[in-house]
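Chain by chain, the residues:
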Number of protein chains: 2
Amino acid sequence: MTLAQPEARPYHHGDLSRALVEAARRILETDGPAALSLRAVAREAGVSPAAPYHHFKDKGQLLDAVAHEGWVALDAALMKARQDSDDDRRRMTSLGVAYVTFARDNPALYRVMYDCSRDKDALPDQMKEEGAYCQVRNTIAHAAGDGVSEIDLELATIAAWCAGHGLAEMSGFKQFESLKALLGGEEAFLKAVFDHLGMFAKFDRG
Amino acid sequence: MTLAQPEARPYHHGDLSRALVEAARRILETDGPAALSLRAVAREAGVSPAAPYHHFKDKGQLLDAVAHEGWVALDAALMKARQDSDDDRRRMTSLGVAYVTFARDNPALYRVMYDCSRDKDALPDQMKEEGAYCQVRNTIAHAAGDGVSEIDLELATIAAWCAGHGLAEMSGFKQFESLKALLGGEEAFLKAVFDHLGMFAKFDRG
DNA sequence: CGATCCATCTGAACAACGCTTAGATAACAT
DNA sequence: ATGTTATCTAAGCGTTGTTCAGATGGATCG
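Residues numbered from 1 in each chain as written. Chains lettered and ligands numbered in written order. Predicted model: local features only at pLDDT ≥ 70, side-chain atom pairs only at ≥ 80, totals over all residues. Heavy atoms only, no water.

Caption draft 1: View of the relation of the copies chain B and chain A. For the pair chain B and chain A, the superposition axis carries a translation of 0.0 Å, the fit reaches an RMSD of 0.1 Å, and the rotation angle comes to 180°. The superposition operator between the copies reduces to a two-fold rotation axis. Among all C-alpha atoms of chain B, that of Gly166 of chain B lies closest to the rotation axis, at 2.0 Å. Interface overlap between copies: 100% of the residues of chain B at the interface are likewise at the interface in chain A, consistent with a symmetric, same-surface contact. (Least-squares fit on C-alpha atoms with pLDDT ≥ 70 in both. Contact = heavy atoms within 4.5 Å.)

Caption draft 2: Region of the structure containing the protein's contact with DNA strand D. In the vicinity of DNA strand D, 22 residues are found, and the nearest of them are His13, Ser48, His54 and His55 of chain A together with Arg39 of chain B. Of everything in DNA strand D that lies within 4 Å of the protein, sugar and phosphate atoms constitute 51%. Taking His55 of chain A, its side chain carries an N or O atom lying 2.5 Å from a phosphate oxygen of DNA strand D. Within the backbone of Lys59 of chain B, an N or O atom sits 2.9 Å from a phosphate oxygen of DNA strand D. (Near = heavy atom within 4 Å. Polar contact = N/O pair within 3.5 Å; in protein donor to acceptor, adjacent residues only side chain to side chain.)

Caption draft 3: Representation of the protein's contact with DNA strand C in the model. If you check the shell around DNA strand C, you find 21 residues, and the closest are Arg39 and Arg43 of chain A together with Ser48, His54 and His55 of chain B. The sugar-phosphate share of atoms of DNA strand C within 4 Å of the protein amounts to 53%. Between DNA strand C and Lys59 of chain A, the relevant distance is 2.9 Å, taken from a phosphate oxygen to a main-chain nitrogen or oxygen of the residue. Within the side chain of His55 of chain B, one N or O atom sits 2.5 Å away from a phosphate oxygen of DNA strand C. Ranked by the residues each element gives to the surface near DNA strand C, the list is headed by helix 2 (residues 38-45) of chain A, at 3 residues. For the surface near DNA strand C, the residue count by class is 9 nonpolar, 7 polar and 5 charged. (Helix = DSSP H or I, 4+ residues; strand = E, 2+ residues; numbered from the N terminus. Nonpolar A, V, L, I, M, F, W, Y, C, P; charged D, E, K, R; others polar.)

Caption draft 4: Main features of helix 1 (residues 16-31) of chain B. Residue and element names in this part refer to chain B. A rise of 1.5 Å per residue sets the reference length of helix 1, with its 16 residues, at 22 Å; its end C-alpha atoms lie 21 Å apart and thus fit the reference within 8%. Within helix 1, burial applies to Leu16, Ala19, Leu20, Val21, Ala23, Ala24, Ile27 and Leu28. Where helix 1 is buried, its residues touch helix 2 (38-45), helix 3 (59-83) and helix 5 (107-119). Gly32 lies just past helix 1 and shows a positive phi near 85°. (Expected span 1.5 Å × (residues − 1). Buried < 20%, exposed > 50% of the residue type's maximum accessible area, 1.4 Å probe, protein only.)

Caption draft 5: Representation of the domain arrangement of chain A within the structure. Residues and elements named next belong to chain A. Taken domain by domain, chain A holds domain 1 (1-56) and domain 2 (63-197). Relative to domain 2, the C-alpha centre of domain 1 lies at a distance of 30 Å. Counting residues at the interface gives 8 residues for domain 1 and 7 residues for domain 2. Across the domain 1/domain 2 interface, buried area totals approximately 740 Å², and carbon plus sulfur atoms make up 73% of it. Arg25 is the salt-bridge partner of Glu69, the closest N and O atoms lying 3.0 Å from each other. (Domains from an automatic or database assignment. Buried area = accessible area lost by both parts, 1.4 Å probe. Salt bridge = Lys/Arg side-chain N within 4 Å of Asp/Glu carboxyl O.)

Caption draft 6: A look at the pattern of salt bridges. This model, assessed by the stated rule, comprises 31 salt bridges over all chains. If you follow the salt bridges from partner to partner, you end up with Arg18, Glu22, Arg25 and Glu69 of chain A in one network.

Caption draft 7: Seen up close, unusual backbone geometry. The residue Asp121 of chain A is not glycine, and still its phi comes out positive at about 55°. If you trace the backbone, Asp121 of chain A turns up in the loop between helix 5 (107-119) and helix 6 (125-129).

Caption draft 8: Representation of the packing of helix 8 (residues 150-170) of chain A against helix 8 (residues 150-170) of chain B within the structure. It is at 7 Å that the axes of helix 8 of chain A and helix 8 of chain B come closest, and there the two elements cross at 105°. It follows from the interaxial angle that helix 8 of chain A and helix 8 of chain B lie roughly perpendicular. For the pair helix 8 of chain A and helix 8 of chain B, contact is made by Trp161, Cys162, Ala163, His165, Gly166, Leu167, Glu169 and Met170 of chain A and by Trp161, Cys162, Ala163, His165, Gly166, Leu167, Glu169 and Met170 of chain B, respectively. Per-class residue counts for the contact of helix 8 of chain A with helix 8 of chain B are 10 nonpolar, 4 polar and 2 charged. (Axes fitted to C-alpha atoms, helices over the stretch in contact; angles between N-to-C directions. Parallel < 35°, antiparallel > 145°, perpendicular 65-115°, else oblique.)

Caption draft 9: Here's a closer look at the nonpolar core. Judged by nonpolar contacts, the single largest core of 130 residues is most densely connected at Trp161 of chain A together with Trp161 of chain B. With near-sequence residues (within four places) excluded, Trp161 of chain B lies in contact with Met170 of chain A together with Trp71, Tyr99, Tyr114, Met127, Ala132, Tyr133 and Val136 of chain B. (Core = buried A, V, L, I, M, F, W, Y, C linked by side-chain atoms within 4.5 Å.)

Caption draft 10: Quick peek at the interface of chain B and chain A. Taken together, the contacts link 48 residues of chain B with 48 residues of chain A. Each partner contributes to the roughly 4100 Å² buried at the junction of chain B and chain A, and carbon and sulfur atoms together form 70% of this total. When the buried area of chain B at its contact with chain A is split by residue, Arg118, Gln175 and His196 of chain B rank highest and sum to 18% of it. On the surface where chain B and chain A come into contact, there are 3 salt bridges. We note a salt bridge from Arg118 of chain B to Glu169 of chain A, for which the minimum N-O separation is 2.7 Å. At the junction of chain B and chain A, the tally comes to 12 residue pairs in polar contact (both at pLDDT 80 or more). Elements that contribute at least two residues to the side of chain B that touches chain A include exactly helix 5, helix 6 (125-129), helix 8, helix 9 (177-183) and helix 10 (186-197) of chain B. Per-element tally for the side of chain B that touches chain A: the top contributor is helix 8 of chain B, with 15 residues. Here the residues of the side of chain B that touches chain A sort into 27 nonpolar, 7 polar and 14 charged.

Caption draft 11: Seen up close, the packing of helix 5 of chain A against helix 5 of chain B. Here helix 5 of chain A crosses helix 5 of chain B at 170°, and the two axes come no closer than 15 Å. Judged by the inter-axis angle, helix 5 of chain A sits roughly antiparallel to helix 5 of chain B. Across the interface between the two elements, Arg111, Asp115, Arg118 and Asp119 of chain A of helix 5 of chain A pack against Arg111, Asp115, Arg118 and Asp119 of chain B of helix 5 of chain B. Of the residues assigned to the contact of helix 5 of chain A with helix 5 of chain B, the class counts are no nonpolar, no polar and 8 charged.

Below you can see the structure in the form of structure tokens.
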């Protein structure tokens, strides 16, 4: 894997599409979503403004690639959170906390992920197959046991996902800062809200 | 394209700031958020591209004004929903449905409302005083009775708001269309998800 | 009534943007 | 070696947000 070496770049870059996505993520982290222009990405990657068009149809398609990396990273974060807990309910909560934490740690990336989804009126397909959504679904299924219908399972997953996404976008507002401080930090706040959502009310009869 | 009134406008418009906000909302509804440029708004209002700068510091401030109108409209929608129900729990659900319905009926406006909030890392102040947030809070307070702490009340309101916002943004994705059809339409879907969120689990001991 | 002030609006300009086109360059295949 | 194809550059188009000097006209005060 040829890493981006400072070695004077040849006329043909070698792996420009990869370099462009990385440049985009770098810009996102440092300068925010507003600074993410195609020209800035090209500049950061050290190529002409027209070069990206040989690898991506337009700006949207580059953002799609960035978003895809985001979803993969989110999958990994959720997977890790799922393995760190043993109790069913605790596992569900830590899944939610991990989700929101990811969104709060990568706000620009998270925004790109959902903006891309919104433009296509659909979440990425990969999610339904083996991605983050499926992880939540499986966790709920395991917690709920056998007696739960397919529809209820789907609804519970959607409910949990909506709660996570909503909290991910809302928890950054400074109106909630005093409450966060009162509860002892961000994570305690997240747990408290998740607790009030009572996402397990439907299945929790133990 | 949509021409302004042929009535020869005087050099001084009279109430341009108002006209600009209305023009912006018109563009939002018909052509979507991507078409909402300051120049397009000026064009729609029949005025030069520089004219808006005598009424708004920059594009963001015009969007703020548009967003403000959106919050006022949302307040009204929630108020109406709150009055249409008598039972506490039913009132809460219909509040949630009204919220999501507003977002789904005015997607571009709703997006502007939250984009503006995100840029300022804060929801509009008016919300805390007498706006939509307060309505949700009061509804929950009434449903929960007297024995509920201030913190729990705040947490429950945040939880409900997060759920509403999350569902508002997620319910448009086409992955959920088959489930919506299965449940008998959008509203049934919303109610089912809210039911699974069990936002009342904490207070509903009756 | 007339002169003046000042908010308002225009026209022209700037830099930056997304994107296209024509042409240069390098890798690869035959 | 030759031709083909993928990749990149340079230049340019139309658009955007924003600024600025100057035109306009309603309001205020003599």
